[in-house]
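The primary structure of each chain is shown beneath.
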Amino acid sequence: MNWSFQLYSARNFQPWSDVLAMVAQAGYAQVEGFGGLYDNPQELRAALDRNGLTMPTGHFSLDMLENDFGAARRIAETLGIGTLICPHVAADMRPSDKAGWTAFAGRLAAVHENCRKAGLRFAWHNHDFEFVPCADGSVPQTVILDAAPDIGWEIDVAWVVRGGDDPLKWIDDYASRIVAAHVKDIARQGEALDEDGWADVGHGTMDWPAIMQALRDKTPARVFVMEHDNPSDAGRFARRSIAAAAAF
């Protein structure tokens, strides 16, 4: 399996030239980009090529996707990104009820349409807040996926768990929508406090063999992205995670 590596995991360990070399040496064939990397797409593409890496997916801010889609498209074309992913919405911009989340889904659907016209795919990436019911009982992630039925979903499985829900149920219920997955792990209670409670993949509490089997068997996803939101050593995370993944 060609594992991908979310470069956000190594944002504190620059220069990027060293990060890309480390990732390639650890055995990854793909990486996933994010907004802080796109200042010079041509230079980044050359660095990817030097290290034998591809970037099939990339995170783009909702602001760019809505207000400067042309720039997002040019970045994607330069880097070879086929799936543009919106990764987040700031807390002060999050709706508080079903009507608000339905309207938000409409905005994502509009981005999807622009991507479709450009020959690109589009997906939403979750955190934990989408699984916390609103006061009216609506669950934001359900509203987003149901109100925008054409968009894809990059499921961040560990954030589903931190949101208090069962990822296997979500994989069953929305299997056809899942186009990629973030593979990350949660440390045992009281451990890795300096890393915000995250663990190297395969060294935490997540049942990754069962989750990966469900993702492979039930969804069209073929991009599986290793991520750690705050590792104290990005190289350690990269190497230990891909080694553990051999058992998945």
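Please read these numbers as outputs of a predicted model, since none were measured by experiment. Numbering of residues starts from 1 in every chain and runs along the sequence as written. For a predicted model such as this one, the threshold for reporting local features is a pLDDT of at least 70, and the threshold for listing and counting side-chain atom pairs is 80 or more; totals across whole chains, interfaces and linings nevertheless cover every residue. For the side-chain quantities, the full set of heavy atoms in the structure was used; hydrogens and water were omitted.

Peer 1: Before we go on, may I ask you to explain the environment of Arg177 in this structure?
Peer 2: Numbered from the N terminus, helices here are DSSP runs of H or I no shorter than four residues, and strands are runs of E no shorter than two. The topology assignment puts Arg177 in the loop between helix H8 (167-173) and strand S7 (178-183). Separated by 10 residues in the primary sequence, Arg177 and Pro167 have C-alpha atoms spaced 14 Å apart. Only heavy atoms matter for contacts: two residues are in contact if any of them lie within 4.5 Å across the pair. Residues contacting Arg177, with those up to four places away along its chain left out, are Leu145, Ala148, Pro149, Asp150, Ile151, Gly152 and Trp153. Side-chain polar atoms of Arg177 contact the backbone oxygen of Leu145, separated by 2.8 Å. We define a polar contact as two N or O atoms separated by no more than 3.5 Å, with the added condition that, inside protein, one atom must be a possible hydrogen donor and the other a possible acceptor, whereas residues neighbouring each other in sequence contribute only through side-chain atom pairs.

Peer 1: Before we go on, may I ask you to explain the packing of aromatic side chains in this structure?
Peer 2: Pairs of aromatic rings are described using the distance from one ring centre to the other and the angle between the two planes. Aromatic rings from Phe, Tyr and Trp, with only the six-membered ring used for Trp, were paired whenever their centres fell within 6.5 Å, and each pair was classed as stacked if the ring planes differed by under 30 degrees, edge-to-face if by over 60, and tilted otherwise. Overall, the coordinates contain 15 aromatic pairs when judged by the stated rule. Plain terms: the ring middles of Tyr38 and Phe60 are 4.8 Å apart, the flat faces sit at 20° to each other, and that makes the pair stacked. Residue Tyr38 is found in the loop between strand S2 (30-33) and helix H2 (41-50), and its partner Phe60 is found in the loop between strand S3 (54-59) and helix H3 (62-67); the two are separated by 22 residues along the sequence. Throughout, exposure labels follow a simple rule: accessible area from a 1.4 Å probe, protein chains only, divided by the maximum for the residue type, with under 20% read as buried, over 50% as exposed, and the rest as partly exposed. Here Tyr38 falls in the buried class, since its relative accessible area comes to 7%. Taking relative accessible area as the criterion, Phe60 reaches 1% and is therefore assigned buried.

Peer 1: What exactly am I supposed to notice about the sheet that holds strand S4 (residues 83-86) here?
Peer 2: Pairing between strands is defined by DSSP: at least two bridges between them are needed. Spatial strand order, S1-S2-S3-S4-S5-S6-S7-S10: 8 strands in a closed barrel with parallel pairing. Along the sheet, successive strands turn relative to each other by an average axial angle of 30°, direction set aside. One ladder, built from 4 bridges, connects S4 with strand S5 (residues 121-125); its direction is parallel. The partner of Cys86 across the bridge, within S5, is Trp124. Orientation is described by axes fitted as lines to C-alpha atoms, over the contacting stretch for helices, and by angles from 0 to 180 degrees between their N-to-C directions. The sheet contacts of helix H5 (residues 98-117) involve S4 and S5, and relative to S5 the element is tilted by about 150°.

Peer 1: Before we go on, may I ask you to explain the pairing of S2 in this structure?
Peer 2: Looking down a regular strand, the side chains alternate between one sheet face and the other. Residue alternation in S2 divides its side chains into two sets, Gln30 and Glu32 and Val31 and Gly33, and both sets are buried. In this sheet, S3 lies alongside S2 in parallel orientation, the contact comprising 3 bridges. Bridging from a neighbouring strand, Glu32 pairs with Thr57 of S3. With strands facing away from the observer, any crossover in which the path from the first strand over the helix to the second runs clockwise is taken as right-handed. Crossover S2 to S3 through H2 is right-handed.

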